[in-house]
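Spelled out from the first residue to the last, the chains are:
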Amino acid sequence: IITTSVGGNVEIITHEKNGLLVPAKDSVVLSKAMRKLHTDKKLRDTLAKEARCTYLKSFVFDEIVKERFIPLYEATD
């Protein structure tokens, strides 16, 4: 994952752990990040593995519904 370091992205992505964060509207840094991933297979593999772990820990649909959506609906009664 290569994403800009804005909004919720920085809550999910840790630079060089499970993705690469680049400043918004900085095409030079984005280009460097893309080249880095293209040429560094070990980094690609590491980031991919960690991104998958982050996803599995943080985005379990049943838990999101149970912990976030149901309480929202129950609060509006």
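Whatever comes next refers back to the structure up there.
The structure displayed is predicted, hence computed values, not measured ones.

(A) Highlighting a nonpolar patch on the surface. A grouping of Ile12, Tyr55, Leu56 and Phe59 is seen on the molecular surface, where their side chains present a nonpolar patch of about 360 Å² in accessible area. In this fold, Tyr55 is placed in helix α3 (residues 41-58). Accessibility expressed as a relative area gives 43% for Tyr55, which makes it partly exposed.

(B) Seen up close, the packing of aromatic side chains. For the structure shown, the criterion picks out 1 aromatic pair. Summarising the aromatic geometry, the rings of Tyr55 and Phe59 are spaced 6.2 Å apart at their centres and angled 20° between planes, so their arrangement reads as stacked.

(C) Structural context of the packing of helix α2 (residues 27-39) against α3. Contact geometry of α2 with α3 gives a least axis separation of 5 Å together with a crossing angle of 100°. Classified by the angle between their axes, α2 and α3 sit roughly perpendicular to one another. Within the contact between the two elements, α2 uses Lys36, Leu37, His38 and Thr39 and α3 uses Lys41, Leu43, Arg44 and Leu47. Of the residues in the contact of α2 with α3, the class split is 3 nonpolar, 2 polar and 3 charged.

(D) Looking closely at the pattern of salt bridges. In total, this model carries 3 salt bridges according to the counting rule given. Among the salt bridges present, the one from Lys36 reaches Glu16, with a minimum N-O distance of 2.5 Å. On the criterion of sequence distance, the pair formed by Lys36 in helix α2 and Glu16 in the loop between α1 (9-12) and β2 (20-22) is long-range, its members being 20 residues apart. For Lys36, a relative accessible area of 34% gives the class partly exposed.

(E) Region of the structure containing the side chain of Thr3. Tracing the chain through its elements places Thr3 in strand β1 (residues 2-4). For Thr3, a relative accessible area of 16% corresponds to the buried category. Separated by 2.9 Å, the side chains of Thr3 and Asn9 make a polar contact. Dropping the residues within four chain positions of it, Thr3 is found in contact with Asn9, Ile13, Leu20, Leu21 and Val22.

About the thresholds
- Residues numbered from 1 in each chain as written.
- Predicted model: local features only at pLDDT ≥ 70, side-chain atom pairs only at ≥ 80, totals over all residues.
- Heavy atoms only, no water.
- Patch = residues over 30% accessible without salt bridge, like charges linked within 9 Å, V, L, I, M, F, W, Y side chains within 5 Å.
- Areas by Shrake-Rupley, 256 points an atom, 1.4 Å probe, with all protein chains shown as cover.
- Salt bridge = Lys/Arg side-chain N within 4 Å of Asp/Glu carboxyl O.
- Helix = DSSP H or I, 4+ residues; strand = E, 2+ residues; numbered from the N terminus.
- Buried < 20%, exposed > 50% of the residue type's maximum accessible area, 1.4 Å probe, protein only.
- Phe/Tyr/Trp six-rings, centres within 6.5 Å; stacked < 30°, edge-to-face > 60°.
- Axes fitted to C-alpha atoms, helices over the stretch in contact; angles between N-to-C directions.
- Parallel < 35°, antiparallel > 145°, perpendicular 65-115°, else oblique.
- Contact = heavy atoms within 4.5 Å.
- Nonpolar A, V, L, I, M, F, W, Y, C, P; charged D, E, K, R; others polar.
- Polar contact = N/O pair within 3.5 Å; in protein donor to acceptor, adjacent residues only side chain to side chain.

Structural measurements only, silent on function.
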